[in-house]
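Geometric and topological summary
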Amino acid sequence: MFREIYLKEDRPPYAQHLKVMVIGEDLLREMNMKILLNLFARSMEIRDSCLLLVAKGKASDTFKISGDVPAFRLLGIENNHYNSSRLLPITTIGKAMSKMAANSSFVIQGVTTQKGEVKFDRGAIIKSDTFRLIGFLTEEEVLGYNLLTGKAKKGIIKLNDEKTNQLVNYEIRSLETNIIPHVQGKKIWFEVQLSTEGILNEDWVLYGNAFDNRYLMRIEKAAAKRIKRLLTLTMHTLQQKFQADVVGFRDQLRIHYPRVWEQVKKNWDKTFRSL
């Protein structure tokens, strides 16, 4: 298409200006992403740093949003992932091609457009066997994914005080996640260690006292319970619904038990489902 334009226009397109690429849901369910991105990955005219998004519905609707230049607005929203635990880390053309070269399933930020307004509210799962879209993670599952991968460096987790059932907001200030593989005979399992520190951002507990250690311990227990529930929800979706390891359990097994990995890597999706 570019070469055809060279024959008709004295001002050919300058592809290094390309900021954002949005792929529609229907196209990505039918087409292999590796084929779709082949030209863009190989061309010297297009930067590997171009942002990738997957639209729920038509990709064209994403560029009909009101306000500023659509590409700049989409790029700006994605950059907010440093402040929100419900936004996925940036996926570029280069990162997507690296994942596919490693034959790994992965997740891309999904976007929904309604009445001219755009929202980043889901995660698109790309399966390693076909590199096609197989479904979306919900906002809660995106939060669970970010907790599992240690990418939720900042953001709010809503929870309820168990004594009063009132709303409390826990704000993440730091997060460390460690995935430890274990192998015993033919049995494989993983231990997920998660440690987080944060602040009591907002609470609606009428008789709560933020300076009372007993109250703070109660909120800590509620936060731990909420985080565990999010992790369980996300893992169940990834294992049972999608059978796709987008978290990176496979990488930890490959690093710590390379011989075991060689035995299970061909059927890893089935193994992952039964963990």
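Just so we're clear, the structure is a prediction, and the values are computed from it rather than from any experiment.

Once that is clear, we can look at the side chain of Asp121. If you trace the backbone, Asp121 turns up in strand 4 (residues 117–126). Judged by relative accessible area, which is 14%, Asp121 ranks as buried. At 2.9 Å, the side chain of Asp121 forms a polar contact with the side chain of Thr112. A polar contact is formed between the side chain of Asp121 and the side chain of Arg122, at a distance of 3.0 Å. Not counting residues within four places of it along the chain, the set of residues in contact with Asp121 comprises Gln109, Gly110, Val111, Thr112, Leu137, Thr138 and Glu139.

It is worth spelling out a positive patch on the surface at this point. Taken together, the side chains of Lys95, Lys99, Lys151 and Lys153 make up a positively charged region of the molecular surface. With respect to the element layout, Lys95 can be found in helix 6 (residues 93–101). Residue classification places Lys95 among the partly exposed residues on the basis of a relative accessible area of 47%.

On to the sheet that holds strand 5 (residues 133–137). Read across the sheet, 5 strands follow the order 1-2-3-4-5 without closing on themselves; strand pairing throughout is mixed. Strands with a single pairing partner mark the edges of an open sheet, and in this sheet they are strand 1 (20–24) and strand 5. With strand direction ignored, the average angle separating the axes of adjacent strands in the sheet is 40°. Sheet topology note: the strand 2 (residues 51–55)/strand 3 (residues 106–114) ladder contains 2 bridges and is parallel. The residue bridging Val54 from the neighbouring strand is Gly110, located in strand 3. Packed on one face of the sheet, helix 3 (residues 33–42) meets strand 1, strand 2, strand 3 and strand 4 and runs near 155° to strand 1. Each of strand 3, strand 4 and strand 5 touches helix 7 (residues 139–149); the most contacted strand, strand 5, lies at about 90° to it.

So, how was this worked out
- Residues numbered from 1 in each chain as written.
- Predicted model: local features only at pLDDT ≥ 70, side-chain atom pairs only at ≥ 80, totals over all residues.
- Heavy atoms only, no water.
- Helix = DSSP H or I, 4+ residues; strand = E, 2+ residues; numbered from the N terminus.
- Buried < 20%, exposed > 50% of the residue type's maximum accessible area, 1.4 Å probe, protein only.
- Polar contact = N/O pair within 3.5 Å; in protein donor to acceptor, adjacent residues only side chain to side chain.
- Contact = heavy atoms within 4.5 Å.
- Patch = residues over 30% accessible without salt bridge, like charges linked within 9 Å, V, L, I, M, F, W, Y side chains within 5 Å.
- Areas by Shrake-Rupley, 256 points an atom, 1.4 Å probe, with all protein chains shown as cover.
- Salt bridge = Lys/Arg side-chain N within 4 Å of Asp/Glu carboxyl O.
- Lys, Arg positive; Asp, Glu negative; His and termini not counted.
- Charge placed at Lys NZ, Arg CZ, Asp CG, Glu CD.
- Pairing = 2+ DSSP bridges.
- Axes fitted to C-alpha atoms, helices over the stretch in contact; angles between N-to-C directions.

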